[in-house]
Amino acid sequence: NAGVMQNPRHLVRRRGQEARLRCSPMKGHSHVYWYRQLPEEGLKFMVYLQKENIIDESGMPKERFSAEFPKEGPSILRIQQVVRGDSAAYFCASSPPGSDEQYFGPGTRLTVT
Amino acid sequence: SQQGEEDPQALSIQEGENATMNCSYKTSINNLQWYRQNSGRGLVHLILIRSNEREKHSGRLRVTLDTSKKSSSLLITASRAADTASYFCATESGGDSSYKLIFGSGTRLLVRP
């Protein structure tokens, strides 16, 4: 059983471009969570999704950030018009229904130049 | 400040010694989890301790939880150079947002060979 997959592992974008980060949960997991980690800090919750539903996006910046988890395919975290402050590691985690253990992917390191 | 705060921020020990890291939190929790993160990599789940448990062991790891003091400790015995990493505690609170893991800022452990 493959773990949580994230791609790309590293992403470089110029200011003003769009960044699309993908997350494929573990097989059988229908819950996806996105976290952001700034340098030298812990992870901060961004959003919790189930298939075709955003359950909690209280940690998402109000502008430029969006997330989806379609019926088919990976979950996508989209950042429009990136700024230098968006440079961070973005981690996705997944869990099966009824479980409180989250399994983390390897992360995508976004660098905005 | 954050729900989970680790102490110390950085720890340097000799191989073979024990390493103890502490985590304090503010609100009531369902469980507390410890993760390891090697430099620039993803998170590895180490151990989960529930609010009704006081101590848990896994290999060379020993975790304690004191809900009256709202604190937890992670002990790594007979440390190895490969244990060099950042260690994070993450709490899961009860209620409607129980899925939202709240991470501390981590303890950076260096094990000198």
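Our subject is the structure that appears above.
It should be emphasised that the depicted structure is a prediction, and the values quoted were computed from it without experimental measurement.

The subject of this paragraph is the pattern of salt bridges. Applying the stated criterion across every chain, the model contains 9 salt bridges over all chains. The residue A:R78 makes a salt bridge to A:E18 at a minimum N-O spacing of 2.9 Å. In this pair, A:R78 is assigned in strand β8 (residues 75-79) and A:E18 in the loop between β2 (10-13) and β3 (19-24), connecting sequence segments 60 residues apart. Residue class for A:E18 comes out partly exposed when judged on its relative accessible area of 30%. Its salt-bridge partner being B:K56, residue B:E53 comes within 3.9 Å of it at the nearest N-O pair. The exposure class assigned to B:E53 is partly exposed, which follows from its relative accessible area of 25%.

Moving on, we get to the packing of aromatic side chains. Residues and elements named next belong to chain A. Considering all chains together, one arrives at 9 aromatic pairs over all chains under this definition. Measuring from centroid to centroid gives 4.8 Å for Y33 and Y48, while their planes differ by 10 degrees, and the two rings are stacked. Note that Y33 is positioned in strand β4 (residues 31-37) and Y48 in strand β5 (residues 43-50), a separation of 15 residues in sequence. A single burial state applies to Y33 and to Y48, both of which are buried.

Here we come to unusual backbone geometry. The linkage connecting A:N7 with the following residue, A:P8, adopts the cis geometry, with an omega of -5 degrees. Here the bond from B:D7 into B:P8 is cis, since omega is 0 degrees, no more than 30 degrees from zero. Tracing the backbone through its elements, the reader meets B:P8 in the loop between β1 (5-7) and β2 (10-14). Look at A:E40: it is not a glycine, yet its phi comes out positive at around 65 degrees. Within the chain, A:R64 stands out as a residue other than glycine whose phi angle is a positive 75 degrees. For A:R64, the position within the fold is in the loop between β6 (53-56) and β7 (65-68). Among the residues examined, A:R64 registers a relative accessible area of 25% and is labelled partly exposed.

Attention now moves to the interface of chain B and chain A. In this complex, chain B contributes 22 residues to the contact, which on the side of chain A involves 20 residues. Each partner contributes to the roughly 1,700 Å² buried at the junction of chain B and chain A, and carbon and sulfur atoms together form 49% of this total. Two residues, B:R108 and A:E40, come together in a salt bridge whose shortest N-O distance is 3.1 Å. Counting across the interface, chain B meets chain A through 8 residue pairs in polar contact (both at pLDDT 80 or more). Counting only elements with at least two residues in the side of chain B that touches chain A, the list comes to β4 (31-37), β5 (43-50), β9 (85-92) and β10 (101-103) of chain B. Among the residues making up the side of chain B that touches chain A, the classes are represented as 7 nonpolar, 10 polar and 5 charged.

All names here are of chain A. According to the stated counting rule, one finds 2 disulfides over all chains in the structure shown. Sulfur-sulfur distance for the disulfide between C23 and C92 comes to 1.7 Å. The chirality of the disulfide connecting C23 with C92 is left-handed, given an S-S dihedral of about -50 degrees. Pair noted here: C23 is in strand β3 and C92 is in strand β9 (residues 88-95), with a separation of 69 residues, a long-range link.

Moving on to the sheet that holds strand β3 (residues 19-24) of chain B. All names here are of chain B. Read from one edge of the open sheet, 5 strands run β1-β3-β8-β7-β6, paired in antiparallel fashion. Each having just a single partner strand, β1 and β6 (55-58) make up the two edges of the open sheet. The average undirected angle you get between the axes of adjacent strands in this sheet is 20 degrees. Across 4 bridges, β6 lies against strand β7 (residues 61-66) in antiparallel orientation. Its bridge partner being in β7, E55 is matched across the sheet by T64.

Reading guide: rules and limits
Per chain, the residues get numbers from 1 upward, laid out in the order the sequence is written. Lettering of chains starts at A and numbering of ligands starts at 1, both following the order in which they are written. Restriction of local features to residues with pLDDT of at least 70 applies here, the model being predicted, together with a cutoff of 80 or more for giving and counting side-chain atom pairs; totals for whole chains, interfaces and linings are based on all residues. Side-chain numbers come from the whole structure's heavy atoms, not from hydrogens or water. Basic side-chain nitrogens of Lys or Arg form a salt bridge, by our definition, when they fall within 4 Å of a carboxyl oxygen of Asp or Glu. Strands are runs of DSSP state E lasting at least two residues, helices are runs of H or I lasting at least four, and both sets are numbered from the N terminus onward. Classification of residues uses two cut-offs on accessible area relative to the type maximum, computed with a 1.4 Å probe and protein chains only: under 20% is buried, over 50% is exposed, and between them is partly exposed. Centres within 6.5 Å are what make two rings of Phe, Tyr or Trp a pair, Trp counting through its six-membered ring; a difference in plane orientation under 30 degrees is then read as stacked, over 60 as edge-to-face, and the rest as tilted. Contacts between residues were defined by any pair of non-hydrogen atoms, one from each residue, lying within 4.5 Å. A simple way to read buried area is as the amount of 1.4 Å-probe accessible surface that goes missing from two parts once joined, with both sides added. Polar contacts here mean pairs of N or O atoms no more than 3.5 Å apart (in protein, one a potential hydrogen donor and the other a potential acceptor; neighbouring residues in sequence count only if both atoms are side-chain atoms). Throughout, the ten residues Ala, Val, Leu, Ile, Met, Phe, Trp, Tyr, Cys and Pro are labelled nonpolar, Asp, Glu, Lys and Arg are labelled charged, and all others, Gly among them, are labelled polar. Two cysteine sulfur atoms form a disulfide, by the criterion used here, when they sit within 2.5 Å. The pairing criterion is simple: DSSP has to find at least two bridges between the two strands. Axes here refer to lines fitted to C-alpha atoms; in helices the fit is confined to the stretch in contact. Angles between the N-to-C directions go from 0 to 180 degrees.

Geometry only, nothing functional implied.
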